[in-house]
Amino acid sequence: MTRSRYRPPTRSRSRSARGRALLALAVIAVSLYIALTVPVRLGLDLRGGTQIVLETRSTETVDADRAATDRTLEVLRGRVDALGVAEPTLVRSGSNRIIVELPGVQDPKKAADVLGRTAQLTVHPVLDSAAEAPRSRSGTSGERVLPDESGQLLRLGAAALAGQDVKGAAARFDQESGAGWGVTVDFNRSGRDRWTGLTGEAACRPVGDPARRVAIVLDDKMISAPQVDPSVSCGTGIPGGSTRITGAFDDADSRELALLISGGALPVPVETVEQHTVGPSLGARAITASAWAAALGTVLTSLFIIGVYRLMGVLATVALLCYGLISYAALAALGATLTLPGLAGFVLAIGMAVDANVLVFERAREESAARLRSGPRSALAAGCRNAFSAIADSNITTLIAAALLFFLASGPVRGFGVTLGIGVLASMVSALVITRVLAEYAAGRAWVRRRPGLTGIATTGTVRDRLARRDPRLMRRPRRWLAVSGVALVLAGSGIAFRGLDLGIEFTGGRLIEYATGTPVDPERARAALADAGFPQAVVQSSGDARLTVRTGELTDAQAAEVTAAVGDLGGRAQRVRDELVGPSLGDELRRNALIALAVALGAQLLYLAARFRWLLGTAAVVALAHDVLILVGVFAWLGKPVDGVFLAALLTVIGYSVNDSVVVFDRVRELLRRDRAALPDIADRAIVQTLPRTVNTGMGAALILTALAVLGGDSLTDFALALLIGLAVGTYSSVFTATPLAVELDGRRNRSQAGDRTARTAAARSRRKREPAG
């Protein structure tokens with residue numbers, strides 16, 4: 001074997017290397033500064049609190065359009081600020097939805113009551129008492145009949161003041177008069193004059209006459225109807241523009257009433273369509289579990305990469321740490337909210353970041369084997385150059401999946417799409433810039449040149465050597481592999497047909513409550529207890545030690561309290577650590593959007609692959625995608641696992657994984673077809689043999705990360721990691737044994753069809769010549 005000879009870099013190569021080094025230093029420095037100065041905003045599922053999704057409803061007079069929703073958002077923002085919640089978030093979603101996040105709020109009922117009330121304040125003159133309520137609450141000229149605090153019916157005139165006349169309201173305790181808690185209402189300039197006129201007119205009535213009272217009504221309910229004090233003379237009225245509402249109020253009632261009055265009326269009614277409450281303990285557990293999973297997964301992956309690629313593996317591990325820093329800084333700089341699925345996506349992207357490094361190193365190994373006299377630095381440069389197209393295509397397809405998650409999903413799944421997209425971009429910077437800078441610097445050292453075996457890229461590797469000795473002919477009979485895939489599809493489809501899909505409440509609507517009980521509760525006993533309590537359709541599952549999850553249809557707060565009591569009787573206590581409510585209309589919408597997301601994902605992948613490859617290869621890759629999706633869904637159906645929003649995130653990620661593997665194989669097929677005119681089955685066999693080391697090494701790196709996530713990630717991430725592990729295995733198989741043989745079979749059919757057409761044309765020409773008369 002000829003000893004490798006070191007060739008000093010040219011001036012242009014040195015300038016390029018210095019440019020990459022400066023770029024890497026700049027990216028790391030900026031990322032470090034952002035990471036130390038800008039905190040990442042945690043989602044409610046990580047820090048605890050309540051998220052409420054409100055939907056505005058049109059009325060006969062006002063349409064719930066974008067403008068009305070924006071006005072409603074401003075009123076709600078005032079109410080939330082008055083609640084005293086730290087760092088609340090209110091954003092409009094679409095044209096008629098508002099997402100409210102209340103960190104630390106563990107009483108969703110009270111928060112929803114305060115936010116959802118229209119709070120229409122009106123002040124009316126009392127005309128007289130009524131014997132009975134009319135059939136219609138509103139009479140002519142705005143008159144209405146309402147009961148006062150004692151139940152006496154009063155007939156009210158048209159409203160003299162409304163919410164727009166109120167300047168502010170405050171809850172105060174009157175210790176001097178002994179009246180207790182009440183609400184002082186201050187009117188603005190126009191309201192002050194109207195208040196003086198209204199009370200001056202009421203003062204003209206004798207003391208004790210119902211018409212001497214003034215009625216204060218909130219949302220069609222009379223909250224107070226005080227008599228005008230005898231000291232107020234007729235026609236003079238109460239000056240000062242303020243009044244005090246008293247009644248049987250405690251401090252909480254008076255503060256809530258003041259909040260509603262001062263916050264103003266909602267322009268349109270709102271309805272709670274989704275509600276999530278997570279206890280702070282559950283969020284803390286999720287962060288700890290994910291951190292341990294990330295740490296262990298990164299250590300195992302690093303050890304594996306170092307064992308395979310030696311010095312280059314060490315440098316790739318350093319670049320992997322830089323990748324984590326860049327991703328974290330990007331999340332902080334964009335102001336993105338890090339949710340639990342997003343944190344899982346962050347951990348998952350560590351495994352994906354390894355892929356680009358593996359592609360470069362494997363192509364460098366091939367370069368070293370093909371050109372024995374080239375040094376490790378030249379081999380690395382060639383490896384980066386040859387691997388770029390596969391890295392770009394595979395990462396773009398994953399970015400397509402991340403973009404679909406962002407635009408078509410909502411809530412935590414959308415956050416997963418953000419972190420996945422950031423992770424893909426960061427991995428490209430890590431592999432193509434940072435790893436290359438470190439590797440080229442190390443490869444240029446004299447002690448490394450003297451020991452080429454230390455680099456890890458001077459040899460072709462164990463997997464490629466064994467494959468080269470055996471020379472497998474996998475694509476000689478492609479229909480056998482397609483038959484195996486067909487059997488797998490039948491088994492998966494039978495699971496969907498016979499077991500059915502356990503759709504989560506995101507897609508069906510309903511309520512999910514997770515309890516922490518004093519002692520472990522058997523799910524069967526809990527199911528029987530809930531059936532006796534009137535909830536026979538409740539789905540009960542154990543979600544860990546002394547934890548129980550109950551999923552039902554729509555529940556009122558009173559019914560939810562009954563469920564809590566039934567669970568508490570069995571477990572000694574029942575503390576809610578998670579409470580999710582999804583309305584049926586939103587569930588239908590999410591289910592529809594999920595199907596649209598899958599259809600658009602497959603269509604987008606087909607268009608991109610058709611543009612980058614031939615239609616034949618693009619079609620084969622998309623069919624393999626559909627194969628992977630159906631098998632994963634079928635396996636979850638057989639296992640009885642829930643198909644929810646987090647599963648949808650995993651499914652779209654599997655699509656990206658599957659495309660990555662297919663793109664790497666087909667990229668090599670495309671490269672070999674440009675250099676060789678051999679038949680496609682032979683080209684496909686060579687492409688599989690040449691790319692299989694990358695497939696094995698990347699798959700092992702991702703599997704280590706996902707296994708750590710499944711074992712240590714906690715109950716909320718176990719199904720997510722399981723779906724990705726299944727998808728990783730199925731996607732790796734399908735890229736080699738479904739997409740590739742399908743492409744070979746389609747190419748063979750096309751060739752046979754073209755040959756048949758040529759034969760038919762030749763026969764027709766001969767027949768015409770025979771029928772022509774001799775000249």
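> Any details on the packing of aromatic side chains? Residues and values, ideally.
Under the definition given, this model contains six aromatic pairs. On the basis of an interplanar angle of 35° and a centroid distance of 4.3 Å, the ring pair of tryptophan 481 and phenylalanine 737 is categorised as tilted. Of this pair, tryptophan 481 sits in helix H13 (residues 478-498) while phenylalanine 737 sits in helix H21 (residues 715-771), and the two are 256 residues apart along the sequence. For tryptophan 481, a relative accessible area of 26% gives the class partly exposed. For the cation-ring pair, arginine 445 lies above tyrosine 441, with the distance from its terminal atom to the ring centre recorded as 4.2 Å.

> Give me the lowdown on helix H5 (residues 189-202), citing residues and values where you can.
For H5, spanning 14 residues, the distance from its first C-alpha to its last is 20 Å, which sits close to the expected 20 Å at 1.5 Å a residue. Of all the residues in H5, the buried ones are Gly191, Trp195, Leu198, Thr199, Gly200 and Ala202. Here H5 starts with a cap whose side-chain oxygen sits 2.8 Å from the backbone nitrogen of glycine 191, and that cap is asparagine 188.

> A description of the sheet that holds strand E14 (residues 270-278) should follow, citing residues and the corresponding values.
If you trace the eight strands from one edge of the open sheet to the other, you get E3-E4-E2-E14-E20-E17-E19-E18, paired in antiparallel fashion. The sheet is open, and its two borders are formed by strand E3 (89-93) and strand E18 (539-542), each paired with just one other strand. Between one strand and the next, the sheet's axes are offset by a mean angle of 20°, whatever the strand orientation. Lying over the sheet, helix H15 (residues 523-532) contacts E18 and strand E19 (547-552), oriented at roughly 155° with respect to E18. Along the sheet, helix H16 (residues 557-571) contacts strand E17 (510-517), E19 and strand E20 (574-582); its crossing angle with E17, the most-contacted strand, is approximately 30°.

> Before we move on, could you go through the nonpolar core and cite the residues and values that matter?
Membership of the largest hydrophobic core comes to 62 residues, with the highest contact counts inside it found for Leu609, Leu632, Phe647, Leu651, Ile655 and Phe666. Elements with a minimum of two residues in this core: helix H9 (376-408), helix H17 (584-612), helix H18 (615-639), helix H19 (645-675), helix H20 (680-712) and H21. Take this core: its biggest share by element is 15 residues, from H19. What phenylalanine 666 contacts, discounting residues up to four positions off in sequence, is Phe613, Leu617, Ala620, Ala621, Ala739, Thr740 and Ala743. Judged by nonpolar contacts, the second largest core, of 41 residues, contains Met312, Cys322, Ala431 and Ala443.

> Outline the packing of H19 against H20, listing residues and values.
At a minimum axis separation of 8 Å, H19 and H20 run at an interaxial angle of 145°. Judged by the sense of rotation from one axis to the other, the crossing of H19 with H20 is right-handed. Residues Tyr657, Asp661, Val664, Val665, Arg668, Val669, Leu672 and Leu673 of H19 form the contact with H20, whose participating residues are Leu680, Ile683, Ala684, Arg686, Ala687, Ile688, Gln690, Thr691, Arg694 and Ala702. Looking at the contact of H19 with H20, its residues break down into 12 nonpolar, two polar and four charged.

Rules and cut-offs
Residues numbered from 1 in each chain as written. Predicted model: local features only at pLDDT ≥ 70, side-chain atom pairs only at ≥ 80, totals over all residues. Heavy atoms only, no water. Phe/Tyr/Trp six-rings, centres within 6.5 Å; stacked < 30°, edge-to-face > 60°. Helix = DSSP H or I, 4+ residues; strand = E, 2+ residues; numbered from the N terminus. Buried < 20%, exposed > 50% of the residue type's maximum accessible area, 1.4 Å probe, protein only. Lys NZ or Arg CZ within 6 Å of the ring centre and 35° of its normal. Expected span 1.5 Å × (residues − 1). Polar contact = N/O pair within 3.5 Å; in protein donor to acceptor, adjacent residues only side chain to side chain. Pairing = 2+ DSSP bridges. Axes fitted to C-alpha atoms, helices over the stretch in contact; angles between N-to-C directions. Contact = heavy atoms within 4.5 Å. Core = buried A, V, L, I, M, F, W, Y, C linked by side-chain atoms within 4.5 Å. Left-handed = near helix turned anticlockwise from the far one by under 90°. Nonpolar A, V, L, I, M, F, W, Y, C, P; charged D, E, K, R; others polar.

Such coordinate-based values are descriptive only and should not be taken to indicate function.
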